[in-house]
Amino acid sequence: MTRPPLEVADVFHTHGEAWRKANAGHASLAQLKVMSAIETCRTAALGGHVERCEDCAHERIAYNSCRNRHCPKCQAAAARQWLEDREAELLPVPYYHVVFTLPAAIGAVAFQNKAAVFDLLFRTAAETLTTIAADPKHLGGRIGLTAVLHTWGSALTHHPHVHVIVPGGGLSPDGSRWIACRPGFFLPVRVLSRLFRRLFLEGLAALHAAGRLAFVGDLAPLAETRAFDAKLAPLRSAEWVVYAKRPFAGPQAVLAYLARYTHRVAISNSRLLALDEAGVTFKWKDYRINGHERLKTMTLDAAEFIRRFLLHVLPSGFHRIRHYGLFAGTARAGNIERVRQALAPRQTPPESKPAEADSQAEDVSPAHRCPCCGGRMIIVETFQGPRPARSPSSSRIRIDTS
């Protein structure tokens, strides 16, 4: 795999120590852990393994990944496994993409209370969709959905929103039949927006009343109920952004989309252009502009780039991919099978699968093919720290090399 000419790790290696000193006492432990993981990812510090080609005996050393979910280099393998699981669950119906975005006025509150507010964002987006879909005036069915949290805009600003992927229809209340939505139309965006606004503001007020929100710095006055209510008042009549995109062109388009979005981090290494005395230059999209002119470049001071990148570190244990409705919990598999049975008369015969031997032959990712002959690379030695000059077989250990 070819290394990008510039990586987020390079920015951290060059300016990370100075940033840590300048922000001592202000950076969270989670942010410092992310920086350390990215700096050591695929270096001798994490140990590694020796791979050898089964065909030509070419050898190469590969260092282990940090596997941190914020690392730009460590998401491909996790995404591939996740997509394999989702591919088996795809339904032969159109899929829709709905985006729920928090107003900018709530952004600072969300940043200081990530776990509570982002969890509320997930729950209210899901409740909005399932409630409106269950209404006989709109769909009258039970739906399933997958939601993915993103906290960034293209310029690395704080911009919390959830992307929701949902099949175009649902099971009837008695579970006996599939109710399809109208072609090219899922649910009315204006109705979704109004309910999402009400549910979220009610939930946020409940969090405040229960003492589950913390306010520091400029937001400290919001700890007072009257000031907090005054902060929310204008939002009760403002327009909230719920955006419904056009339906996907088919199940494979859904997978292609999920491959790009589910395990994405705030910025990929491929968007970085330069690191010099001016700072960090990267590509970004100005979504207020249509056409090719929306593609722009931006240069940030290295310290500001690091600050913006670390804005998007999630609390430990927080799940940024969640399933609701028919796709939630232990009933997921049973519900999917029930939907397949309801759709059975409409389904076309499945395509025959290739022979097992052929599928196994193709189950070698480019990263595990020999750069010389294309053969399969296998692990012949593992080690911790820098590779020793000689590693006796008796001292070899088994480690996770994913």
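Refer to the preceding data block for the structure.
Per chain, residue numbering runs from 1 following the sequence as it is written. Under the rules for a predicted model, residues below a pLDDT of 70 receive no local features and side-chain atom pairs below 80 are neither given nor counted, while totals for whole chains, interfaces and linings still include all residues. Derived side-chain values reflect all non-hydrogen atoms in the structure, with water molecules and hydrogen atoms excluded from consideration.

As for the sheet that holds strand E4 (residues 144-152)
Line of reasoning, step 1. The strand order across the open sheet formed by five strands is E8-E3-E5-E4-E12, and the pairing between neighbours is antiparallel. Of all strands in the sheet, those with a lone pairing partner are strand E8 (242-244) and strand E12 (321-325), marking the two edges. The mean inter-strand angle of the sheet, taken between neighbouring strand axes irrespective of direction, is 25°.
Line of reasoning, step 2. As defined by bridge partners, strand E3 (residues 95-101) adjoins strand E5 (residues 158-167) across seven bridges and the pair is classed as antiparallel. Counterpart to tyrosine 95 in the pairing with E5 is proline 167.
Line of reasoning, step 3. Working rule for contacts: check all heavy atoms of both residues, and any pair within 4.5 Å makes them a contact. Each axis is a line fitted through C-alpha atoms, taken for helices only over the stretch in contact, and angles between the N-to-C directions span 0 to 180 degrees. By definition, any uninterrupted DSSP run of H or I lasting at least four residues is a helix, any uninterrupted run of E lasting at least two residues is a strand, and each is numbered from the N terminus. Each of E3 and E8 touches helix H6 (residues 189-209); the most contacted strand, E8, lies at about 150° to it. What makes two strands pair is DSSP finding at least two bridges between them.

So, the nonpolar core
Line of reasoning, step 1. Formed by 50 residues in total, the largest nonpolar core has its most connected members in Phe100, Leu102, Leu129, Leu145, Phe200 and Leu204.
Line of reasoning, step 2. Elements supplying a minimum of two residues to this core: E3, helix H4 (104-112), helix H5 (114-134), E4, E5, H6 and helix H7 (225-232).
Line of reasoning, step 3. If one sorts the elements of this core by residue count, H5 sits on top with eleven residues.
Line of reasoning, step 4. Beyond its immediate stretch of four places on either side in the chain, leucine 129 contacts Phe100, Ile143, Leu145, Val164, Phe186, Leu187 and Leu192.
Line of reasoning, step 5. For our purposes a nonpolar core is just a set of buried Ala, Val, Leu, Ile, Met, Phe, Trp, Tyr and Cys residues, chained together by side-chain atoms within 4.5 Å. Partly exposed residues are those whose accessible area sits between 20% and 50% of the maximum for their type, while under 20% is buried and over 50% is exposed, using a 1.4 Å probe and protein chains only. Ile38, Cys66, Ala302 and Phe309 belong to the second-largest nonpolar core, a separate cluster that totals 32 residues.

Re the packing of H6 against H7
Line of reasoning, step 1. Packing of H6 against H7 leaves a shortest axis separation of 11 Å and a crossing angle of 165°. Relative to H7, H6 is oriented roughly antiparallel. Considering the relative orientation of H6 and H7, their crossing is right-handed. Along the contact surface, H6 presents Leu201, Leu204, Ala205 and His208, while H7 presents Thr225, Phe228 and Leu232. For classification purposes, an angle smaller than 35 degrees is called roughly parallel, one larger than 145 roughly antiparallel, one from 65 to 115 roughly perpendicular, and anything else oblique. Two helices that cross are described as forming a left-handed crossing if the nearer one is turned anticlockwise from the farther one by less than a right angle, and a right-handed crossing if clockwise.

Details of the state of the cysteines
Line of reasoning, step 1. Our working definition of a disulfide is a cysteine sulfur pair at a distance within 2.5 Å. The final tally for this structure, using the stated rule, is zero disulfides.
Line of reasoning, step 2. No disulfide involves cysteine 53; its sulfur sits 3.4 Å from the nearest other cysteine sulfur, which is in cysteine 373.
Line of reasoning, step 3. Residue classification places cysteine 53 among the buried positions, given a relative accessible area of 3%.

Considerations on unusual backbone geometry
Line of reasoning, step 1. One non-glycine residue with positive phi stands out, namely arginine 42, at about 55°.
Line of reasoning, step 2. In this fold, arginine 42 is placed in the loop between helix H2 (29-40) and strand E1 (48-53).
Line of reasoning, step 3. A relative accessible area of 34% means that arginine 42 is categorised as partly exposed.
Line of reasoning, step 4. The phi angle at alanine 57 is positive, at roughly 65°, despite the residue not being glycine.
Line of reasoning, step 5. Summarising the element assignment, alanine 57 is placed in the loop between E1 and strand E2 (59-63).
Line of reasoning, step 6. The class for alanine 57 is partly exposed, based on a relative accessible area of 47%.

Digging into the sheet that holds strand E9 (residues 272-276)
Line of reasoning, step 1. Taking strand neighbours across the sheet as the criterion, the three strands line up as E9-E10-E11 in an open arrangement whose pairing is antiparallel. Two strands bound the open sheet, and with one partner strand each, they are E9 and strand E11 (295-300). Here the strands of the sheet are splayed against their neighbours by 20° on average, with no regard to which way each runs.
Line of reasoning, step 2. Of the pairings in the sheet, the one linking E9 to strand E10 (residues 279-285) comprises four bridges and is antiparallel in character. By the bridge assignment for E10, leucine 272 is matched with phenylalanine 282.
Line of reasoning, step 3. In the packing of helix H1 (residues 8-22) onto the sheet, contacts are made with E9 and E10, and the angle to E9 comes to roughly 15°.
Line of reasoning, step 4. In this fold helix H9 (residues 302-310) packs onto E9, E10 and E11, with an angle of close to 110° to the strand it touches most, E11.

Considerations on the pattern of salt bridges
Line of reasoning, step 1. When a carboxyl oxygen of Asp or Glu is within 4 Å of a side-chain nitrogen of Lys or Arg, the pair counts as a salt bridge. Tallying each qualifying case throughout the model produces 15 salt bridges.
Line of reasoning, step 2. For lysine 73, the salt bridge identified is with glutamate 7, shortest N-O distance 3.2 Å. One end of the pair, lysine 73, is in the loop between E2 and helix H3 (76-87); the other, glutamate 7, is in the segment before H1, and 66 residues separate them in sequence. Glutamate 7 shares its class with lysine 73; the two are buried.
Line of reasoning, step 3. Salt bridges sharing partners connect three or more residues here, namely Glu17, Arg20 and Glu39.

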